[in-house]
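# A structural walkthrough
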Amino acid sequence: MGKEGRSRVRTVCPYCAVGCHVDLLVEEGRAVGLDYATDSPVNGGNLCAKGNAVLDLLDHPDRLRTPLRRTASGWEAVGWDEALDWAAERIGTIRDRHGPDALGFLSSAKCTNEENYLLQKLARLLGSNNVDHCARLCHASTLTGLAPVLGMGAATNPLHDLAQARCLFLVGSNPAENHPVAFQWVREAKDKGAVVIVADPRKTPTAWIADLHLPVRPGTDIALLHAMLHVILREGLEDKAFIRSRTTGFERTVRAVRDTAPEWAQSVTGVPAGDILRAARLFARTRPGALIYCMGITQHHNGTQAVRACANLALATGNVGRPGSGLIPVRGQDNVQGACDMGALSALLPGYRPVADPQARAAMEALWGCPPGTIPDRPGLTVTEMEAEAGRTLRALVAMGENPAVTSPAGGRVAEGLERLDFFLAIDLFLTESARSAHLVLPAAAWAEKSGSKTSADRRVQWSPRAVLPPGDARPDAWIITRLARRLGLGAHFPCESPEDVLREINRAVPAYGGITPERIREAPGGIHWPCPRQDHPGTPVLFEKTFATADGRARFFPVSFDPPPESPDADYPLCLTTGRVTAHYNSGSMTRRTPALLELSPELFVEVHPEDAARLGFSEGSRVRVVTRRGAVEASAYLSSAVARGVVFAPFHFPGTNRLTLDVVDPEARIPAFKAAACRLEPL
Amino acid sequence: MEPFLFVDFSRCIACQACWAACRREHGGVSRLHLLCFQEAAVPLACRQCRKAPCAGFCPEGALVQEEGRGVKFLEERCTHCGLCAAACPFGVLEIVPGPVPDLSRCDLCRRRWEEGLMPVCVLTCPTRALSLDAGGAVGRRRRAQPAAFPVS
Amino acid sequence: MTVPELHQQIHVDPDRCLGCFACASACPEQRITWDDREGNRRFRAPAVCAGDCTRCRDACPADAVRLEPMGETAGRSWEPLSWSLPLARCRRCREPFTTQKILALLSRTLEATVGLSAGEADWPSCCPACRRDLESRRLLDAARWNR
């Protein structure tokens, strides 16, 4: 911009995982405006409603500006030295008294790769694998589901590749509302004549453009996917050459779907058998086809199995490893992919190497310069397990940018657990619902107030530079973790002074990031897609073009069995409660519920109910209703819409309350909670 | 060439990006309205009518037809009487309440136009539901509507 | 009671007043106020103004405001001015949205300004929100016809 003293800094949006560029207009260290990055190869300047409102997060009056210590008489502002000394003393004492497994660390998909890497490193150098983050609540099933199938659990194709698809099958995914900028490629594909099939209990804006909408009953996706595979095999529509040359284990999967005819699936899913037949034929015959799935698949008691059912369908039709095809789990947060890559997971070291693997531990210990045996060989506690153990075996918790009191199932119990801790340290932008239970709250810098790399849903690693100064005394999380580590006597292992230094260490720790150096990524206008093992490697937008990442290079079919959700509607709780997002809000709402524009769009908790159900229960549009499940009850406004199927109630999870209702059953492999299907009843007030 | 905000609502996904962009650009009040229906959404903003009832009803001549730029608002002439809002056939010219009621109407981001920039709603829309139709057939047809057809 | 020379008495002709916001918006002291209640838009203004400007008079599109310089105070009314105009209700949602007089004036002038006879335009009797709703439904219907 020509204006005197004004600079334009390109940052990566802090909301969802599309990785959009947002240009900030900066004067004297303060953002004075926002402009559209029209020359960006990522988003071409487009932003969603949240992206447009992003400046409200900087200098927000609610931002934490100084460390706060909880006292009997309320919050007391303290200096950084005092705060960090006290935190280190408490963590050190609890570790000495109860052992390292009494410590827990919640890392964050809202923080940079460098910060996630540092926090998991701190946890492990303290002798604990109790480090995990919110991917546990959204796409943990993608990791556990796809890792043995494809060799890694990440989107196989870049999001813009969707425009090349001739068939798009979206299952439990609503990008029109949740990733509007990515929806442009769905729209573009449709403009070019692609077939769009959407399976969702609600007729979402994504389904508006669908050629076929399959209103599947929550929690029965596997039955639908199985029936489709059944049809494809029965009619010989599978890609036999691909199955023969690129996969193993097909026969067992064939047996698993022998009896899953569309007529059976109709009784389970509620989708007419004829539509299942049509969907199967369309998906199998129209290639290349992309299968996009999201939390409607992953957030179930059988999330891992549902992910594999998606993979079976994509593999059987040869839709992996080609442009315009692929398995696309659309990640929700700006760096949830990166936080997983960095090993902020209780069972995985940086680069997805299992903690149980002695060689992997030895390699990491050698890199970190710590004695052999420092990293424990057993997986640590997951997010939900840490919450359950809080105040029991877990005595101290460090939560960086996480708000479990709102995001975790059975939220009431989580809040009680946080209160029982001997020491709870929260690092955040705002005094969130969870941070109110903390003993010490440290003010963190927001996205544009710090530099670092972030990895979007399609493995695109981008650098987001510091554009403005943090408010008050807020500091980047990396600064906080490093200072805390040094006070805990780990200074020798935390020599890095800048995010660039940390990324250089990541280059050595994570093979897929080997060539993604700070120098390269700062100059790459559209970032670099991992795997990028060497400096001279161009990155890998499309995975598995020649070989899969499994030991024998072949993808593996896994037979999947369908079992109905653990809680089905009954006489006492006759409706099915499912949860999801609205376009104006983001996850726990700690950012968007503080943004006036977004609050104006969606001010409060509502439940979407079919008009016939409402009429039967005797309430109308806008009425207050009580939503009751076996876990708890909350009040909400009723929003009547035939977009939601009869018998289904939809509630957004951005407001405190929704997750007091959800089911606290977890998938046995992924440990992801079954947020998407619970039995409920509605009581008019 | 006359610019006209062309809305292809068959592409609209109700994502509210245009609304949020407009609200931000214009000091907290969006001049663009997004109407959501079952299975469709319609963004509505000033049509820049060629025979504009708002301009015809304004007692001060503060809204005038400007060749090449649609309806222009001359702020120095405005008395904030609010008659224009009563005259707008599409309800997209509104009076924002306050001690001095303010006029809210899409001016195709005139301030940006003077810097050579596109309207924010057009730039932000992910599905190209909004575009500038400069002198195109759609614009001519749509702009003729208020005078040509009654609204039912 | 002594009164500075610059005081002027405000006269408003309720028969001429349209019920718009011009005078209220113009007053630099915000002495002229209005509220919509019980089907009427009620205005209040002081009988005597201490200011030396004529903005309210100049802004009025209906020449309803007259300002009279005050010399003699004896026998003058100090009672604040108050006048009301009936509001028009939206024919769809029944919410009041402007005054009946403004709507009547609009209907009379549409023919001259944009060439629409009163019978051709039925939107003036709707509030802005309903006009938006009607328009978008009309556009959706037209799109379905074209498909």
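Bear in mind the structure is a predicted one, so any value in this text is a computation, not a measurement. (Residues numbered from 1 in each chain as written. Chains lettered and ligands numbered in written order. Predicted model: local features only at pLDDT ≥ 70, side-chain atom pairs only at ≥ 80, totals over all residues. Heavy atoms only, no water.)

### Concerning the sheet that holds strand 10 (residues 212-214) of chain A
Residue and element names in this part refer to chain A. Pairing in this open sheet of five strands is parallel, and the strands run 10-9-8-12-13 from one edge to the other. The two strands at the open ends of the sheet, each matched to only one other strand, are strand 10 and strand 13 (326-329). In this sheet, adjacent strand axes meet at a mean angle of 15° when their direction is disregarded. In the packing of helix 15 (residues 303-316) onto the sheet, contacts are made with strand 8 (167-171), strand 12 (289-293) and strand 13, and the angle to strand 12 comes to roughly 175°. (Pairing = 2+ DSSP bridges. Helix = DSSP H or I, 4+ residues; strand = E, 2+ residues; numbered from the N terminus. Axes fitted to C-alpha atoms, helices over the stretch in contact; angles between N-to-C directions. Contact = heavy atoms within 4.5 Å.)

### A word on the layout of surface pockets
For the largest pocket, the calculated volume is near 900 Å³. In terms of lining, the largest pocket is formed by 32 residues, of which the most central are Glu177, Phe606 and Tyr639 of chain A together with Gln16 and Cys36 of chain B. Put simply, the parts of the chain that give the lining of the largest pocket at least two residues each are helix 8 (205-208), helix 24 (596-601), strand 24 (606-609) and strand 26 (633-640) of chain A together with strand 2 (33-37) of chain B. The element contributing the most residues to the lining of the largest pocket is strand 26 of chain A, with four residues. Taken together, the residues that form the lining of the largest pocket break down as 17 nonpolar, seven polar and eight charged. Both domains that furnish three or more residues to the lining of the largest pocket are identified here as domain 2 (140-329) and domain 3 (575-684) of chain A. One number sums up the size of the second largest pocket: a volume of about 580 Å³. What lines the second largest pocket is a set of 27 residues, among which Leu143, Ala147, Leu345, Leu348 and Tyr352 of chain A lie closest to the centre. (1 Å grid on protein atoms, 1.4 Å probe; cavity = no way out; pocket = protein on both sides within 12 Å on 5 of 7 lines; lining within 4 Å. Points joined across faces, edges and corners; volume = space filled by probe spheres on them. Nonpolar A, V, L, I, M, F, W, Y, C, P; charged D, E, K, R; others polar. Domains from an automatic or database assignment.)

### Remarks on the interface of chain B and chain C
Accessible area lost during the coming together of the parts is what is often quoted as the interface size. Each partner contributes residues to the interface: chain B has 40 residues there, and chain C has 33 residues. Interface of chain B and chain C: buried area, both sides summed, is about 3200 Å²; carbon and sulfur atoms make up 67% of it. Inspection of the region where chain B meets chain C yields two salt bridges. A salt bridge links arginine 47 of chain B to glutamate 135 of chain C; the shortest N-O distance between them is 2.1 Å. The tally of links between chain B and chain C comes to nine residue pairs in polar contact (both at pLDDT 80 or more). Of all the secondary structure elements, the ones that give two or more residues to the side of chain B that touches chain C are strand 2, strand 3 (40-44), helix 2 (53-57), helix 3 (83-87), strand 6 (94-96) and helix 6 (137-148) of chain B. Class assignment for the residues of the side of chain B that touches chain C results in 27 nonpolar, eight polar and five charged. (Buried area = accessible area lost by both parts, 1.4 Å probe. Salt bridge = Lys/Arg side-chain N within 4 Å of Asp/Glu carboxyl O. Polar contact = N/O pair within 3.5 Å; in protein donor to acceptor, adjacent residues only side chain to side chain.)

### Notes on the domain arrangement of chain A
All names here are of chain A. In terms of domain boundaries, chain A breaks down into domain 1 (68-137 + 334-529), domain 2 (140-329) and domain 3 (575-684). The C-alpha centroid of domain 2 is placed 34 Å from the C-alpha centroid of domain 1. Every contact between the two is made by twelve residues of domain 1 and, on the other side, eleven residues of domain 2. Each partner contributes to the roughly 850 Å² buried at the junction of domain 1 and domain 2, and carbon and sulfur atoms together form 56% of this total. Among the residues domain 1 hides against domain 2, the three largest losses belong to Ala457, Asp458 and Arg459. Together they make up 46% of the total. Across the domain 1-domain 2 interface, the total number found is zero salt bridges. Classifying every residue of the side of domain 1 that touches domain 2 by side-chain character gives six nonpolar, two polar and four charged.

### Description of the packing of aromatic side chains
The description of two aromatic rings rests on the distance between their centres and on the angle between their planes. Throughout the structure, instances matching the rule amount to twelve aromatic pairs over all chains. Plain terms: the ring middles of tryptophan 86 of chain A and phenylalanine 423 of chain A are 5.4 Å apart, the flat faces sit at 85° to each other, and that makes the pair edge-to-face. Within this pair, whereas tryptophan 86 of chain A is found in helix 2 (residues 80-98), its partner phenylalanine 423 of chain A is found in strand 17 (residues 423-428), the two being separated by 337 residues in sequence. Phenylalanine 423 of chain A carries the same exposure label as tryptophan 86 of chain A, and that label is buried. Taking 5.2 Å as the distance between ring centres and 10° as the angle between the ring planes, the aromatic pair formed by phenylalanine 43 of chain C and tryptophan 83 of chain C counts as stacked. (Phe/Tyr/Trp six-rings, centres within 6.5 Å; stacked < 30°, edge-to-face > 60°. Buried < 20%, exposed > 50% of the residue type's maximum accessible area, 1.4 Å probe, protein only.)

### Let's talk about the environment of threonine 384 of chain A
Residue and element names in this part refer to chain A. Looking at the element boundaries, threonine 384 is found in helix 18 (residues 383-389). For threonine 384 and alanine 273, which are 111 residues apart along the polypeptide, the C-alpha to C-alpha distance reads 38 Å. Threonine 384 has contacts with Leu137, Pro409, Val666, Arg671 and Pro673, leaving out every residue within four places of it along the chain.

### Some details on the arrangement of the chains
Counting contacts across all two pairs of chains found in contact, the highest total belongs to chains B and C. At the level of C-alpha atoms, the two units chain A and chain C stay apart, their nearest approach being 14 Å.

### Remarks on the sheet that holds strand 7 (residues 96-99) of chain C
Sheets are built from strands that pair by backbone hydrogen bonding, the pairs being arranged parallel or antiparallel. Residue and element names in this part refer to chain C. The strand order across the open sheet built from four strands is 2-3-6-7, with neighbouring strands paired in antiparallel fashion. Either end of the sheet is taken by a strand with one partner, and the two such strands are strand 2 (33-37) and strand 7. Taken over all neighbouring pairs, the strand axes of this sheet differ in orientation by 35° on average, direction set aside. Note: strand 2 against strand 3 (residues 40-45), five bridges, orientation antiparallel. The partner of aspartate 35 across the bridge, within strand 3, is arginine 42. In this fold helix 3 (residues 100-114) packs onto strand 6 (81-89) and strand 7, with an angle of close to 65° to the strand it touches most, strand 7.

### A few points about helix 3 (residues 113-125) of chain A
Between its first and last C-alpha atoms helix 3 of chain A spans 18 Å; for 13 residues at 1.5 Å apiece the expected length is 18 Å, and the two agree. Just past helix 3 of chain A, the residue glycine 127 of chain A takes up positive phi, approximately 90°. (Expected span 1.5 Å × (residues − 1).)

### What to know about empty space enclosed by the protein
Residues and elements named next belong to chain A. Taken as a whole and assessed by the stated rule, the structure comprises eleven cavities of 30 Å³ or more. Roughly 650 Å³ of internal volume is contained in the largest cavity. Contributing to the lining of the largest cavity are 43 residues, with Lys110, Gln333, Gly401, Tyr586 and Asn587 lying nearest its centre. Only helix 4 (135-138), helix 19 (404-407), strand 17 and strand 19 (452-455) provide two or more residues apiece to the lining of the largest cavity. Counting the residues that make up the lining of the largest cavity, at least three belong to each of domain 1 (68-137 + 334-529) and domain 3 (575-684). Each pocket or cavity is described by its volume, and for the second largest cavity that value is around 330 Å³.

### Here we look at unusual backbone geometry
The peptide bond linking arginine 287 of chain A to proline 288 of chain A adopts the cis configuration, its omega dihedral lying at 0°. Here proline 288 of chain A shows up in the loop between helix 13 (273-285) and strand 12. Omega for the bond connecting tryptophan 530 of chain A with proline 531 of chain A falls within 30 degrees of zero, at 5°, which places this linkage in the cis form. Locating proline 531 of chain A in the fold gives a position in the loop between strand 21 (528-529) and strand 22 (555-556). At aspartate 63 of chain C, a residue that is not glycine, the phi angle is positive and equals roughly 55°. Positionally, aspartate 63 of chain C belongs in the loop between helix 2 (55-59) and strand 5 (65-69). Accessibility expressed as a relative area gives 55% for aspartate 63 of chain C, which makes it exposed.

### Some details on the packing of helix 3 of chain A against helix 22 (residues 499-509) of chain A
All names here are of chain A. Helix 22 packs onto helix 3 with a crossing angle of 70° between their chain directions and a minimal axis gap of 9 Å. Considering their axes alone, helix 3 and helix 22 lie roughly perpendicular with respect to each other. In this structure, helix 3 crosses over helix 22, and the sense of that crossing is left-handed. Counted together, Asn113, Glu114, Tyr117, Leu118 and Lys121 of helix 3 and Pro499, Val502, Leu503, Glu505, Ile506 and Ala509 of helix 22 form the full contact between these two elements. Here the residues of the contact of helix 3 with helix 22 are counted per class, giving seven nonpolar, one polar and three charged. (Parallel < 35°, antiparallel > 145°, perpendicular 65-115°, else oblique. Left-handed = near helix turned anticlockwise from the far one by under 90°.)

### Focus: the side chain of aspartate 334 of chain A
Residue and element names in this part refer to chain A. With respect to the helices and strands, aspartate 334 occurs in the loop between strand 13 and helix 16 (336-341). Under the relative-accessibility criterion, aspartate 334 is labelled buried at 4%. Of note is the side chain of aspartate 334, whose polar atom sits 3.1 Å from the side chain of lysine 454.

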